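Listed here are the chains, written in short residue letters.
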Amino acid sequence: MLHMRLFWLLPMLWLLFALAAGLLPASRAQAANNSLIAIIAPADFSSRNLSRAELGLIFLRKKLYWPNGKRMRPANLPPQHELRKQFSQQILGSLPEAQSEYWNELYFHGTTPPHVVNSQEAMLRFVADTAGSIGYIDACLLDERVKALAWLQADGSLSFSAPVLSCPQNTP
């Protein structure tokens, strides 16, 4: 009987060890990696669909002006932020750390990288208050200060129609 209890206990202990050692993703990190991302612009922005390629050009600073002549002002979250990693991987095809050589070369030629904000709330404020800006946040944080231009799904697909969100409720 004791032998049977140990048989079931060992896999559970291994699982706890693997989670503690960082060998398996914890549910919070896993959820962050699978977030629905809202691509956002100021609330008064005139909507139009942006392709994945166009978003890439904007965030790589290869496309600098909107059709109305306003300068594009892309903003990123910090390189270590899970949404930045997801966005960069799915739109730019690489992680933020792999882009440093690219930005060093562009900076040498006078092109600065997108503005970096420290949090999703800072992203909301920057985009809401900056003409021509574009950024991204977790879709569950979307509010009336900004307009969603597109939604980047966890599988990397881009959607232009508002999804049905299943957001956790924050309790005080």
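Structure report, in brief. Note that this is a predicted model, so its numbers are computed, not measured.

Turning to helix 4 (residues 82-92), a few remarks are in order. Every buried residue belonging to helix 4 is among Leu 83, Arg 84, Gln 86, Phe 87, Ser 88, Gln 90 and Ile 91, and all of these are buried. Of the residues one or two after helix 4, Gly 93 is the one with positive phi, at around 80°.

Looking now at the side chain of Ser 133. Examined against the element boundaries, Ser 133 turns out to sit in strand 4 (residues 133-138). Under the relative-accessibility criterion, Ser 133 is labelled buried at 0%. Polar side-chain contacts of Ser 133 include one of 3.0 Å to the backbone oxygen of Val 127. Those residues in contact with Ser 133, other than ones at most four positions away along the chain, are Ile 40, Ala 41, Pro 42, Trp 66, Arg 73, Phe 126 and Val 127.

Burial of strand 4 is extensive: 5 of the 6 residues sit out of reach of the surface. Relative to strand 4, strand 1 (residues 37-42) is paired through 4 bridges, and the arrangement is antiparallel. Among the inter-strand pairings, Ile 39 is bridged to a residue of strand 4, identified as Tyr 136.

For the rest of this paragraph, the subject is the nonpolar core. Proteins that are soluble and globular tend to have nonpolar side chains buried together. With 33 residues, the main nonpolar core has Ile 39, Ile 40, Phe 87, Met 123 and Ile 134 as its most contacted residues. For this core, the secondary structure elements donating two or more residues are strand 1, helix 3 (52-59), helix 4, helix 6 (120-129), strand 4 and strand 5 (146-152). If one sorts the elements of this core by residue count, strand 5 sits on top with 6 residues. With residues near it in sequence (within four places) discarded, Ile 134 still touches Ile 39, Ile 40, Leu 50, Leu 55, Ile 58, Phe 59, Trp 66, Arg 73, Pro 74, Ala 75, Val 127 and Leu 149.

Take the sheet that holds strand 2 (residues 73-76) next. Across the sheet, 6 strands lie side by side as 3-2-4-1-5-6; this open sheet has mixed pairing. The sheet is open, and its two edges are formed by strand 3 (115-116) and strand 6 (158-159), each paired on a single side. Direction of pairing for strand 5 relative to strand 6: antiparallel, over a ladder of 2 bridges. The residue bridging Trp 151 from the neighbouring strand is Ser 159, located in strand 6. Packing against the sheet, helix 4 makes contact with strand 1, strand 2, strand 3, strand 4 and strand 5, and its axis sits at approximately 115° to strand 4. Its contacts with the sheet place helix 6 against strand 1, strand 2, strand 3, strand 4 and strand 5, and it is angled at close to 150° to strand 4.

Basis of the calculations
Residues numbered from 1 in each chain as written. Predicted model: local features only at pLDDT ≥ 70, side-chain atom pairs only at ≥ 80, totals over all residues. Heavy atoms only, no water. Buried < 20%, exposed > 50% of the residue type's maximum accessible area, 1.4 Å probe, protein only. Helix = DSSP H or I, 4+ residues; strand = E, 2+ residues; numbered from the N terminus. Polar contact = N/O pair within 3.5 Å; in protein donor to acceptor, adjacent residues only side chain to side chain. Contact = heavy atoms within 4.5 Å. Pairing = 2+ DSSP bridges. Core = buried A, V, L, I, M, F, W, Y, C linked by side-chain atoms within 4.5 Å. Axes fitted to C-alpha atoms, helices over the stretch in contact; angles between N-to-C directions.

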